[in-house]
Amino acid sequence: MSLKLRIWRQADARDKGSMVTYQLQNVSPDMSFLEMLDVLNERLTLDGEDPVAFDHDCREGICGMCSLVINGVPHGPEKATTTCQLHMRHFTDGETIDIEPWRAAAFPVVKDLVVDRRAFDKIIQAGGYISAPTGSAPDAHATPVPKADADLAFEAATCIGCGACVAACPNGSGMLFTAAKITHLGLLPQGQPERDTRVIDMINAHDEAGFGGCTNTGECTSVCPKGIPLETIARLNKDYRQALRASS
Amino acid sequence: MAISGTALVLFLILHMIGNLKIFFGAEAFDHYAHWLREIGAPLLPYSGFLWIQRVGLLIALGLHIWSAAVLTIRARKARPVKYAHRKPVQGSYAARTMRWGGVIVFFFVVYHILDLTTRTFNPVADTAQANAAVVQGFAPERWYVTAFYVLAVVTLGFHLRHGIWSGLQTLGVSNARRERVLKGTAFAVAFVTCAGFLAVPFAVLTGLVK
């Protein structure tokens, strides 16, 4: 395949940045999207140019490091697929592909396509944990969990914290990420002691980090590589309402 | 947003049902308009209930616009650099037009009050004659009034379609099981409200209501 790539290049956080066009020949349809970028970077390095910086780690769709807004869609055109698991066979020969970083004030661009996602860490630090005695592991069935709750909690826990929800949201809101954590911990008995303080603290941290407010457009869930459902946000809202009532 | 919206939606539904009184004849409609001013009498003065309702609605509208403004400003600040290539993935047309749709409906409400409440723009100045004001207000030669009315009501329908469901989601009523039912309910309420409001000018234009 031969492709025309339009990639966001930005030297550092202070640089203004712009879209730069590259022609790439002999792309195998079996390559992953990131391998295609590797090929481009090898060529740029040989030509003495600065390679395109992009985030990646496991390339198995589970670490949450890869990002990239591909043709206007975070993680590209395939549903429930991370950029690293996206293959070039989903593109056509001669196609123009636009590649941009996540766009959010809370996720400032570090370089090219790499953004700083530490704002998510701040949300987690505010309440995305449980208090548990450390030491020897408890017996497996010491704390019973209903199967239905375990399944829903697990579904929410599959969130890899990549930030695609923020990138897709017209309001730049990180509500789906926050809601996934609230749902995950709030459904399990181990999450109950901090349930009320968790939701209030995490929402405050979310707002302080500069994310926008949720208006329930549903863009987040449609691009989420793990398919976190929109109902998690309703659960967050319900927990928030109950926590406010409990604290007043 | 959700709480002030709830108050406004309840008013809209009552307003729409009241409007349908016009199909029971001019006398019934004028009597209904008069009755609105006598609710709570003699405890409340003439038009007393209406003024309480107007103040309530004004507060709800103010809070609704204020919340929308806060959300819009936050959204702008949350994405200072726009995407070069951006396409809406899933967001329904209704969800995407909430802000500008709201602005259109707001301007319509201002016009609507000047038209049918204060009668500033209406050919019938006597406020006791509600039926005549509606019939002459939607007369064929004033087609632009009807056109604006239809545009505003359809916009309102879209606004309600997303707004009602979004409000239920914000209040935490929604969940995976109820989501489809609630979305269907939002659509049904939006559709019925829209149809109820549109029935009146349509009836005037076809001569069903005189």
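Nothing here was measured: the structure is a model prediction, and the numbers come from that model.

## Focus on the overall build of chain A
Along chain A, the regular secondary structure elements total 8 helices and 7 strands. Principal-axis analysis of the C-alpha atoms gives chain A an extent of 60 × 35 × 35 Å. Taking all 248 residues of chain A together, the buried fraction comes to 45%. For chain A, the share of sequence-separated contacts (at least 6 apart) that also reach a separation of at least 24 residues comes to 71%.

## Quick look at helix H6 (residues 195-208) of chain A
All names here are of chain A. Compared with an ideal rise of 1.5 Å per residue, which puts 14 residues at 20 Å, H6 spans 20 Å between its outermost C-alpha atoms and is within 8% of the ideal. Of all the residues in H6, the buried ones are Arg198, Val199, Met202, Ile203, Ala205 and His206. Down the axis of H6, the buried set is contained in an arc of 160°. They therefore lie on one face. Two residues or fewer after H6 comes glycine 210, characterised by a positive phi angle close to 95°.

## Details of the interface of chain A and chain B
Opposite the 34 residues of chain A that make contact, chain B presents 28 residues. Among the elements of the structure, strand S5 (96-100), helix H7 (219-223) and helix H8 (231-247) of chain A are those that each provide at least two residues to the side of chain A that touches chain B. Here the side of chain A that touches chain B is built from residues that sort into 13 nonpolar, 14 polar and 7 charged.

## A word on the UniProt feature "transmembrane region" (unreviewed entry) in chain B
All names here are of chain B. Per the UniProt record, the feature "transmembrane region" (unreviewed entry) sits at residues 49-73, 93-114, 143-160 and 181-204. A distance of 36 Å separates the end C-alpha atoms of residues 49-73, which is 100% helix and 0% strand. The straight-line gap between the two end C-alpha atoms of residues 181-204 is 35 Å; of that span, 100% is helix and 0% is strand.

## Focus on the nonpolar core
Residue and element names in this part refer to chain A. Formed by 64 residues in total, the largest nonpolar core has its most connected members in Cys165, Val166, Leu176 and Ile233. With 7 residues, helix H5 (residues 175-186) is the largest single contributor of residues to this core. Of the domains in this structure, domain 1 (3-110) and domain 2 (117-131 + 144-247) are the two that each give at least three residues to this core. Discounting chain neighbours no more than four positions away, the residues touching cysteine 165 are Gly174, Leu176, Phe177, Cys220 and Cys224.

## Observations regarding the packing of helix H1 (residues 2-19) of chain B against helix H3 (residues 48-78) of chain B
Residue and element names in this part refer to chain B. Between H1 and H3, whose axes approach to 8 Å, the crossing angle comes to 135°. On the basis of the axis angle, H1 is oblique to H3. In this structure, H1 meets H3 at a crossing whose hand is left-handed. Across the interface between the two elements, Ser4, Gly5, Ala7, Leu8 and Phe11 of H1 pack against Gly56, Leu57, Ala60, Leu61, Leu63, His64 and Ser67 of H3. Its residues placed into classes, the contact of H1 with H3 shows 7 nonpolar, 5 polar and no charged.

## Here's the deal with the domain arrangement of chain A
Residues and elements named next belong to chain A. In terms of domain boundaries, chain A breaks down into domain 1 (3-110) and domain 2 (117-131 + 144-247). Here domain 1 and domain 2 have C-alpha centroids that lie 28 Å from each other. When grouped by side-chain class, the residues that make up the side of domain 1 that touches domain 2 number 11 nonpolar, 6 polar and 1 charged.

## Thoughts on the sheet that holds strand S1 (residues 3-9) of chain A
Paired through backbone hydrogen bonds, the strands of a sheet run either parallel or antiparallel to each other. Residues and elements named next belong to chain A. Spatial ordering of the open sheet is given by S2-S1-S5-S3-S4, a layout of 5 strands whose pairing is mixed. This sheet does not close on itself; its edge strands, each paired only once, are strand S2 (18-24) and strand S4 (73-74). Across 2 bridges, the pairing between strand S3 (residues 69-70) and S5 is antiparallel. Across the sheet, isoleucine 70 pairs through a bridge with isoleucine 99, a residue of S5.

Procedures and definitions
Residues numbered from 1 in each chain as written. Chains lettered and ligands numbered in written order. Predicted model: local features only at pLDDT ≥ 70, side-chain atom pairs only at ≥ 80, totals over all residues. Helix = DSSP H or I, 4+ residues; strand = E, 2+ residues; numbered from the N terminus. Buried ≥ 20, exposed ≤ 12 C-beta atoms within 10 Å, placed from the backbone. Contact = placed C-beta atoms within 7 Å. Expected span 1.5 Å × (residues − 1). Arc of directions from axis to C-beta. Nonpolar A, V, L, I, M, F, W, Y, C, P; charged D, E, K, R; others polar. UniProt positions renumbered as here; feature names shortened; annotations may be inferred. Core = buried A, V, L, I, M, F, W, Y, C linked by C-beta atoms within 7 Å. Domains from an automatic or database assignment. Axes fitted to C-alpha atoms, helices over the stretch in contact; angles between N-to-C directions. Parallel < 35°, antiparallel > 145°, perpendicular 65-115°, else oblique. Left-handed = near helix turned anticlockwise from the far one by under 90°. Pairing = 2+ DSSP bridges.

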